[in-house]
Protein chains: 2
Amino acid sequence: MKPSASSTSAPAPALDFASVFQRLGPHVAALDACLREQIESFETEIRDMADYCIDTSGKRIRPSLVFLSGWRNETVNPALVKVAAVIELVHLATLVHDDIMDEADIRRGRDTAVRSFGPEAAVLLGDALFAHALHLAAQFPTTEVCSAVAESTRRVCAGEIIQTMRRGTTEISRADYFRVIDLKTAELFRVSCRLGARLAEFSDAFVDAAATYGRQLGIAYQIYDDLADFFGEEARIGKTLGTDLVSGKLTLPLLELGDALPEDERAGLVAELTGQAKPDMARRLGQLQEFAIFERVESEIERQMEIGEEALAPFSDQPPVARLLTLGSTLRAQIAVLRP
Amino acid sequence: MKPSASSTSAPAPALDFASVFQRLGPHVAALDACLREQIESFETEIRDMADYCIDTSGKRIRPSLVFLSGWRNETVNPALVKVAAVIELVHLATLVHDDIMDEADIRRGRDTAVRSFGPEAAVLLGDALFAHALHLAAQFPTTEVCSAVAESTRRVCAGEIIQTMRRGTTEISRADYFRVIDLKTAELFRVSCRLGARLAEFSDAFVDAAATYGRQLGIAYQIYDDLADFFGEEARIGKTLGTDLVSGKLTLPLLELGDALPEDERAGLVAELTGQAKPDMARRLGQLQEFAIFERVESEIERQMEIGEEALAPFSDQPPVARLLTLGSTLRAQIAVLRP
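Parameters and conventions
Residues numbered from 1 in each chain as written. Chains lettered and ligands numbered in written order. Predicted model: local features only at pLDDT ≥ 70, side-chain atom pairs only at ≥ 80, totals over all residues. Heavy atoms only, no water. Contact = heavy atoms within 4.5 Å. Buried area = accessible area lost by both parts, 1.4 Å probe. Salt bridge = Lys/Arg side-chain N within 4 Å of Asp/Glu carboxyl O. Polar contact = N/O pair within 3.5 Å; in protein donor to acceptor, adjacent residues only side chain to side chain. Least-squares fit on C-alpha atoms with pLDDT ≥ 70 in both. 1 Å grid on protein atoms, 1.4 Å probe; cavity = no way out; pocket = protein on both sides within 12 Å on 5 of 7 lines; lining within 4 Å. Points joined across faces, edges and corners; volume = space filled by probe spheres on them. Helix = DSSP H or I, 4+ residues; strand = E, 2+ residues; numbered from the N terminus. Axes fitted to C-alpha atoms, helices over the stretch in contact; angles between N-to-C directions. Parallel < 35°, antiparallel > 145°, perpendicular 65-115°, else oblique. Left-handed = near helix turned anticlockwise from the far one by under 90°. Nonpolar A, V, L, I, M, F, W, Y, C, P; charged D, E, K, R; others polar. Buried < 20%, exposed > 50% of the residue type's maximum accessible area, 1.4 Å probe, protein only.

A.B. asks: Break down the interface of chain A and chain B for me, citing the residues and quoting the values.
C.D. replies: With 45 residues of chain A at the interface, the matching set in chain B holds 45 residues. For chain A, the biggest contributors to the area lost against chain B are A:Glu43, A:Leu124 and A:Arg154; these three give 18% of the whole. On inspection of chain A and its partner chain B, the count reaches six salt bridges. A:Arg155 serves as the salt-bridge partner of B:Glu43, at 3.7 Å between the closest nitrogen and oxygen. For the pair chain A and chain B, the interface holds 14 residue pairs in polar contact (both at pLDDT 80 or more).

Here it is as structure tokens:
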């Protein structure tokens, strides 16, 4: 299973927000220190295992969204560091569980938790990481962070469950696809922006706008990730092309292709997605080019990002806005690299 | 894996606190209504699956501890109902994950979630149940419930991880055994009593005493469960005798037997626990009788319960105390049934 934007066992397409925003350096350093501190909270017998899972080598997209949405100035805000750590711990817990389901051996260049400790311990370790994230969330003066993070986590899980249950079926509409990516990927992007802006004490109107921007960026990012599954240069992004077709996962490029194909050709694609026929990858990749699927999907990504940008438009004088908008530019630049 | 007191796929020994305290009827009815209400909070697509997991047919030991520790009078206290639902949801989430690891097909007379929905969906459903429990916990005015429940959950997971990693090894001391049962079983018993007393606004001293009683009862209950694995009447308790020996789990009856056996006999037991020899169950059951292991373990249970009862002694005028003490009598009666 490859349920969320960065849960593949092979490295996901690079979208290193932290490197784009060099000014985030001190914030990310504080985040890493906070994450390392958390290891002390685990029972001594499982501390080394928790340490292994609390990996600080990831892209830290969600923490970057927290820091940028709550940007007032260069000063590192301890409340933002803590909420970024909470959200990153939830994300790390989902990766531990995803790797069990994917039977993934390698993540970020080293053995996964499931390979190192076995599936039983890995299920429980993911649970323990998630429990600790919520314990950390309960250190805020009010229940707001706990409530928001717990609800978002339930929504992420719901999105992954829906995707899992639908695998290998083709009775999926565009609305179904958008519903799943909204839950499984956009939800944590959204709550990262919302809590970042909120804890930095921006106005409620700006908090809502930042949340909308985060959600739309998450949707756009997931569509980009699904696009890269077919158009990425295999060697560059480190994964095999077309894995979604092989695993029966109906993503936007395939939905667009299904719409574009003549009736008789469509039946062949359905047979491949439902496992009744072996995927003819060369043929499908040729058709993706022939019917200009890249451009169709790219314009959908653009449409989604514009909704987020419009939400921020009335707040152009606020310190986070220019920084948040740069994330969109980064994503557009990444997409340009994929263009066939 | 059989990590906690009532996580076996076969019914655990009956210790139906709710039936003992018939007066808890309205409280348990309110709990069941609250649990059913929670189903509405799940995303529509996964609501039926959540409904399936939010099973109200269990023994509800932990909710009963909440209600009894917070007992003022017959009136149902909504705060106690809510915290009982939170703790029961956490417990149900751990059962969903335990059944995956145990590859259990049946629980409480029907298919497990893992059998009904597959292991991928079951891991995610357990996660979603736990996330929702914490979301519900965040509805209290302060972060106290969230914090306590999240920390207890982490400790339960830690206990189960330690037990999993030690399976099939015999380098386990009595201290190691007590550490594991304190985490995996006594922790949720403890937090149930603590939050029950706290939310009913008893004094801090009584809250501590109730927590100690809950913890000691949990330890006693887990030892009883481990004893029943060897001394229970198979048909009555619905599980096969000696499963802990077969699965290499070193519990108190086996620790006591190891201490009692002469040196040359001990090597055989070690070989069986580490999977180097096939367990000779008839021989071991005979030795458990010969060396009076039941009586040794029973006196340890007694010792643990007395610590809890001593903690409550100064508060004998408080309404929860007589009710809590009846739980100990119930457990003693259950043990008497096992006596060979």
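There's plenty left to go through after this.
A.B. asks: Lay out the relation of the copies chain A and chain B with the relevant residues and their values.
C.D. replies: The relation between the two chain copies is a rotation about an axis coupled with a shift along that axis. Superposition of chain A onto chain B requires a rotation of 180° combined with a translation of 0.0 Å along the rotation axis, giving an RMSD of 0.0 Å. The operation mapping one copy onto its partner corresponds to a two-fold rotation axis. When C-alpha positions in chain A are compared against the rotation axis, the closest is assigned to A:Thr143, at 2.6 Å. The share of interface residues of chain A whose copies in chain B are also at the interface is 100%, consistent with both copies meeting through the same surface.

A.B. asks: Kindly report on the layout of surface pockets, identifying the contributing residues and their values.
C.D. replies: When its volume is computed, the largest pocket comes out at roughly 300 Å³. Lining the largest pocket we find 14 residues, and of these A:Ile100, A:Pro119, A:Val123, B:Ile100 and B:Pro119 sit closest to its centre. Those elements that provide at least two residues to the lining of the largest pocket are α5 (78-102) and α7 (119-137) of chain A together with α5 (78-102) and α7 (119-137) of chain B.

A.B. asks: Provide a residue-level description of the packing of α7(A) against helix α8 (residues 144-166) of chain B, including the pertinent values.
C.D. replies: In a pair of packed helices, the angle between the axes and the distance between the axes together describe the arrangement. Viewed as axis vectors pointing N to C, α7(A) and α8(B) meet at an angle of 160°, and their least axial separation amounts to 8 Å. Here α8(B) runs roughly antiparallel to α7(A), going by the angle between their axes. Once α7(A) is placed against α8(B), the crossing between them reads as left-handed. Two secondary-structure elements touch here, α7(A) through A:Glu120, A:Ala121, A:Leu124, A:Leu125, A:Asp127, A:Ala128, A:Ala131, A:His132, A:Leu134 and A:His135 and α8(B) through B:Ser147, B:Ala150, B:Glu151, B:Thr153, B:Arg154, B:Cys157, B:Glu160, B:Ile161, B:Thr164 and B:Met165. Of the residues contributing to the contact of α7(A) with α8(B), the split by class is ten nonpolar, five polar and five charged.

A.B. asks: I'd like to hear about the side chain of B:His132, residue by residue, with values.
C.D. replies: All names here are of chain B. Its place among the elements puts histidine 132 in helix α7. A relative accessible area of 1% places histidine 132 in the buried class. A distance of 2.7 Å separates a polar atom in the side chain of histidine 132 from a polar atom in the side chain of glutamine 38.

A.B. asks: Give me the lowdown on the packing of helix α10 (residues 204-231) of chain A against helix α16 (residues 293-312) of chain A, citing residues and values where you can.
C.D. replies: Residue and element names in this part refer to chain A. Taken N-terminus to C-terminus, the directions of α10 and α16 make an angle of 170°; their axes are 7 Å apart at the nearest point. Taken together, the axes of α10 and α16 lie roughly antiparallel to each other. Where α10 crosses over α16, the two elements pack in a sense that is left-handed. By residue class, the composition of the contact of α10 with α16 is 18 nonpolar, four polar and two charged.

Shape is all these values report; function is a separate question.
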